[in-house]
Amino acid sequence: MKIEHIGLAVKDLSISNSLFARLLGEQNYKEENVESEGVTTSFFKCGETKIELLKATNSNSTIAKFIEKRGEGIHHIAFAVDDIYAEIKRLEKEGFIILNPEPKKGADNKIICFLHPKSTNGVLIELCQEIK
Ligand code: ZN
(Lines give C-alpha, C1' and ligand atoms only; values in the text may rest on other atoms or scores of the structure.)
Protein backbone atom coordinates (compact mmCIF):
# COMPACT_ATOMS: atom_id res chain seq x y z
CA MET A 1 0.00 0.00 0.00
CA LYS A 2 2.68 2.47 1.07
CA ILE A 3 5.82 2.76 3.14
CA GLU A 4 4.35 2.84 6.63
CA HIS A 5 7.58 3.68 8.40
CA ILE A 6 11.35 3.45 8.28
CA GLY A 7 13.00 1.86 11.32
CA LEU A 8 16.30 3.29 12.54
CA ALA A 9 18.54 1.57 15.10
CA VAL A 10 19.86 4.04 17.67
CA LYS A 11 22.09 3.75 20.72
CA ASP A 12 20.60 6.47 22.87
CA LEU A 13 16.92 7.26 22.58
CA SER A 14 16.97 10.65 24.28
CA ILE A 15 19.82 11.94 22.09
CA SER A 16 18.13 10.62 18.93
CA ASN A 17 14.71 11.90 20.02
CA SER A 18 16.02 15.42 20.29
CA LEU A 19 18.01 15.06 17.05
CA PHE A 20 14.94 13.96 15.08
CA ALA A 21 12.74 16.56 16.77
CA ARG A 22 15.16 19.21 15.48
CA LEU A 23 15.38 17.57 12.05
CA LEU A 24 11.62 17.21 11.56
CA GLY A 25 10.54 20.28 13.51
CA GLU A 26 8.18 18.23 15.64
CA GLN A 27 8.40 16.12 18.80
CA ASN A 28 7.82 12.36 18.70
CA TYR A 29 4.18 11.45 19.27
CA LYS A 30 4.64 8.15 21.02
CA GLU A 31 7.12 5.93 22.83
CA GLU A 32 6.39 2.29 23.32
CA ASN A 33 8.15 -0.72 24.79
CA VAL A 34 7.94 -3.95 22.81
CA GLU A 35 9.07 -6.41 25.41
CA SER A 36 9.04 -9.46 23.12
CA GLU A 37 11.56 -7.72 20.82
CA GLY A 38 13.65 -6.18 23.58
CA VAL A 39 13.23 -2.67 22.20
CA THR A 40 11.89 0.73 23.06
CA THR A 41 10.41 2.50 20.06
CA SER A 42 9.83 6.16 19.42
CA PHE A 43 7.64 7.42 16.56
CA PHE A 44 7.81 10.62 14.56
CA LYS A 45 5.31 11.67 11.93
CA CYS A 46 6.78 12.56 8.58
CA GLY A 47 3.93 13.38 6.21
CA GLU A 48 2.23 10.16 5.14
CA THR A 49 4.90 8.02 6.72
CA LYS A 50 6.73 7.69 10.03
CA ILE A 51 10.19 7.35 11.43
CA GLU A 52 10.53 4.64 14.08
CA LEU A 53 13.56 4.88 16.34
CA LEU A 54 14.55 1.57 17.92
CA LYS A 55 16.68 1.24 20.99
CA ALA A 56 17.68 -2.09 22.52
CA THR A 57 16.55 -2.73 26.10
CA ASN A 58 18.83 -5.74 26.54
CA SER A 59 22.00 -7.13 24.95
CA ASN A 60 20.11 -10.06 23.35
CA SER A 61 17.86 -7.73 21.41
CA THR A 62 18.20 -7.87 17.61
CA ILE A 63 18.79 -4.11 17.72
CA ALA A 64 21.76 -4.55 20.07
CA LYS A 65 23.21 -7.16 17.71
CA PHE A 66 22.55 -4.98 14.67
CA ILE A 67 24.37 -1.99 16.20
CA GLU A 68 27.24 -4.20 17.28
CA LYS A 69 27.69 -5.43 13.71
CA ARG A 70 26.79 -2.42 11.61
CA GLY A 71 26.48 0.58 13.89
CA GLU A 72 23.53 2.93 14.06
CA GLY A 73 21.48 3.45 10.93
CA ILE A 74 18.58 2.22 8.82
CA HIS A 75 17.36 -1.07 10.27
CA HIS A 76 14.26 -1.85 8.23
CA ILE A 77 11.62 -0.54 5.84
CA ALA A 78 8.00 -1.29 6.71
CA PHE A 79 5.21 -1.64 4.18
CA ALA A 80 1.58 -1.34 5.20
CA VAL A 81 -0.59 -4.18 3.94
CA ASP A 82 -4.33 -4.86 4.08
CA ASP A 83 -4.12 -8.60 4.58
CA ILE A 84 -0.82 -9.72 6.05
CA TYR A 85 -1.71 -13.43 5.82
CA ALA A 86 -2.45 -13.20 2.09
CA GLU A 87 0.77 -11.22 1.52
CA ILE A 88 2.86 -13.78 3.41
CA LYS A 89 1.42 -16.54 1.21
CA ARG A 90 2.03 -14.54 -1.95
CA LEU A 91 5.62 -13.65 -1.01
CA GLU A 92 6.46 -17.22 0.05
CA LYS A 93 5.32 -18.37 -3.40
CA GLU A 94 7.58 -15.70 -4.91
CA GLY A 95 10.50 -17.28 -3.07
CA PHE A 96 11.01 -14.76 -0.27
CA ILE A 97 12.10 -16.04 3.13
CA ILE A 98 9.61 -15.05 5.83
CA LEU A 99 11.28 -14.81 9.23
CA ASN A 100 8.06 -15.27 11.17
CA PRO A 101 5.28 -16.77 9.03
CA GLU A 102 2.95 -16.38 12.02
CA PRO A 103 2.59 -12.56 12.38
CA LYS A 104 3.36 -11.15 15.81
CA LYS A 105 2.24 -8.12 17.75
CA GLY A 106 4.46 -5.12 17.03
CA ALA A 107 4.52 -1.51 18.19
CA ASP A 108 1.92 1.08 17.20
CA ASN A 109 -1.09 -1.27 17.19
CA LYS A 110 0.14 -3.51 14.37
CA ILE A 111 0.67 -7.14 13.59
CA ILE A 112 3.95 -7.57 11.79
CA CYS A 113 6.27 -9.99 10.06
CA PHE A 114 9.76 -9.68 8.62
CA LEU A 115 11.36 -10.90 5.40
CA HIS A 116 14.90 -12.18 5.61
CA PRO A 117 17.40 -9.65 4.19
CA LYS A 118 19.08 -12.55 2.34
CA SER A 119 16.08 -12.67 0.04
CA THR A 120 15.64 -8.89 -0.29
CA ASN A 121 19.01 -7.47 -1.38
CA GLY A 122 20.25 -7.07 2.17
CA VAL A 123 17.34 -4.92 3.32
CA LEU A 124 15.22 -6.10 6.23
CA ILE A 125 11.58 -5.68 5.15
CA GLU A 126 8.66 -5.51 7.58
CA LEU A 127 5.05 -6.03 6.62
CA CYS A 128 2.56 -4.46 8.98
CA GLN A 129 -1.18 -4.47 9.26
CA GLU A 130 -3.18 -2.20 11.51
CA ILE A 131 -5.14 -4.07 14.21
CA LYS A 132 -8.77 -3.01 13.91
ZN1 ZN B 1 9.08 -1.30 12.29
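For the structure itself, consult the block above.
S.K.: Quick question: what am I supposed to make of the overall build of the protein here?
M.R.: A count of helical and extended segments in the protein gives 3 helices and 8 strands. The C-alpha radius of gyration of the protein comes to 14 Å, within 12% of the 14 Å expected for a compact globule of 132 residues. Entry remark: accessible area of the protein is about 7700 Å², with carbon and sulfur atoms responsible for 53%. For the protein, the centre of its 18 positive side-chain charges and the centre of its 20 negative side-chain charges are spaced 3 Å apart.

S.K.: How do you make sense of the coordination of the zinc ion when you look at a structure like this?
M.R.: Note on metal sites: the ideal angle is 109.5 degrees for four tetrahedral donors, and 90 or 180 degrees for six octahedral donors. Around the zinc ion, the donor atoms from the protein are His-5 (NE2), Glu-52 (OE), His-76 (NE2) and Glu-126 (OE), and they sit 2.1 to 2.2 Å away. Each of the 4 donor atoms bound to the zinc ion contributes to angles spanning 82 to 167 degrees, and the resulting shape is irregular. For the zinc ion, the single-chain donor residues occur in sequence as H-x46-E-x23-H-x49-E. You can see His-5 sitting in strand 1 (residues 2-9) and its partner Glu-126 sitting in strand 8 (residues 125-130), a full 121 residues away along the chain.

S.K.: For this particular structure, what's the right way to read the pairing of strand 8?
M.R.: Consecutive side chains of a regular strand alternate in pointing toward one face of the sheet and then the other. In terms of burial, strand 8 is a largely internal element, 5 of the 6 residues being buried. As paired strands, strand 5 (residues 73-80) and strand 8 are joined by 4 bridges and run parallel to one another. By the bridge assignment for strand 8, Ile-77 is matched with Ile-125. Alignment of strand 7 (residues 110-115) against strand 8, held across 6 bridges, turns out to be antiparallel. Counterpart to Leu-115 in the pairing with strand 8 is Ile-125.

S.K.: Sorry, what's going on with the sheet that holds strand 5 here?
M.R.: Through backbone hydrogen bonds, the strands of a sheet pair up, either in parallel or in antiparallel fashion. As summarised here, the arrangement of the 8 strands in space is 2-3-4-1-5-8-7-6, forming an open sheet in which the pairing is mixed. A single partner strand is all that each edge strand has here, and the edge strands are strand 2 (30-34) and strand 6 (104-105). Alignment of strand 1 against strand 5, held across 7 bridges, turns out to be antiparallel. When the sheet's bridge partners are listed, Leu-8 is paired in strand 5 with Ile-74.

S.K.: Would you explain helix 3 (residues 84-93) in this entry?
M.R.: In an α-helix, one turn spans 3.6 residues; hence positions three or four apart end up facing the same way. Buried residues of helix 3: Ile-84, Ile-88 and Leu-91, and no others. Down the axis of helix 3, the buried set is contained in an arc of 75 degrees. They therefore lie on one face. Residues of helix 3 that are exposed and point more than 90 degrees away from the buried face comprise Lys-89 and Lys-93. Those residues of helix 3 hidden inside the fold are in contact with strand 7 and strand 8. If you check the start of helix 3, you find a side-chain oxygen 3.2 Å away from the backbone N of Tyr-85, and it comes from Asp-83. The positive-phi residue at the C-terminal boundary of helix 3 is Gly-95, with phi of around 95 degrees.

Thresholds applied
- Numbers given for residues are sequential positions, taken from 1 along each chain in its written order.
- For a predicted model such as this one, the threshold for reporting local features is a pLDDT of at least 70, and the threshold for listing and counting side-chain atom pairs is 80 or more; totals across whole chains, interfaces and linings nevertheless cover every residue.
- The side-chain numbers reported here are obtained from all heavy atoms of the structure, hydrogens and water having been left aside.
- Think of it this way: any DSSP run of H or I at least four residues long counts as a helix, any run of E at least two long counts as a strand, and we number them from the N terminus.
- All radius of gyration figures rest on C-alpha atoms, and the globule criterion is 2.2 Å times the number of residues raised to 0.38.
- What sets the accessible areas is the Shrake-Rupley method with a 1.4 Å probe; for residues, cover comes only from the shown protein chains.
- We score Asp and Glu as negative and Lys and Arg as positive, and we do not count His or the chain ends.
- Positions of charges follow a simple convention, taking NZ of Lys, CZ of Arg, CG of Asp or CD of Glu.
- Only nitrogen, oxygen and sulfur atoms count as donors, using a 2.8 Å cut-off from the metal that widens to 3.2 Å for Na, K and Ca. Water is left out, so coordination shells may look unfilled.
- Site shape is set this way: if four donors have all angles between 85 and 135 degrees, tetrahedral; if opposite donors are over 155 degrees apart and all others between 65 and 115, square planar for four donors and octahedral for six; otherwise irregular.
- A simple rule labels every residue: compare its accessible area, found with a 1.4 Å probe on the protein chains alone, to the largest value its type can have, and call it buried under 20%, exposed over 50%, or partly exposed in between.
- The pairing criterion for strands is at least two bridges between them, as found by DSSP.
- The directions considered for the arc are those from the helix axis to the C-beta atoms.
- In this description, contact between two residues means that some pair of their heavy atoms is separated by no more than 4.5 Å.
- Any pair of nitrogen or oxygen atoms within 3.5 Å is treated as a polar contact; in protein, a donor-acceptor pairing is required on top of that, and neighbouring residues in sequence qualify only through side-chain atoms on both sides.

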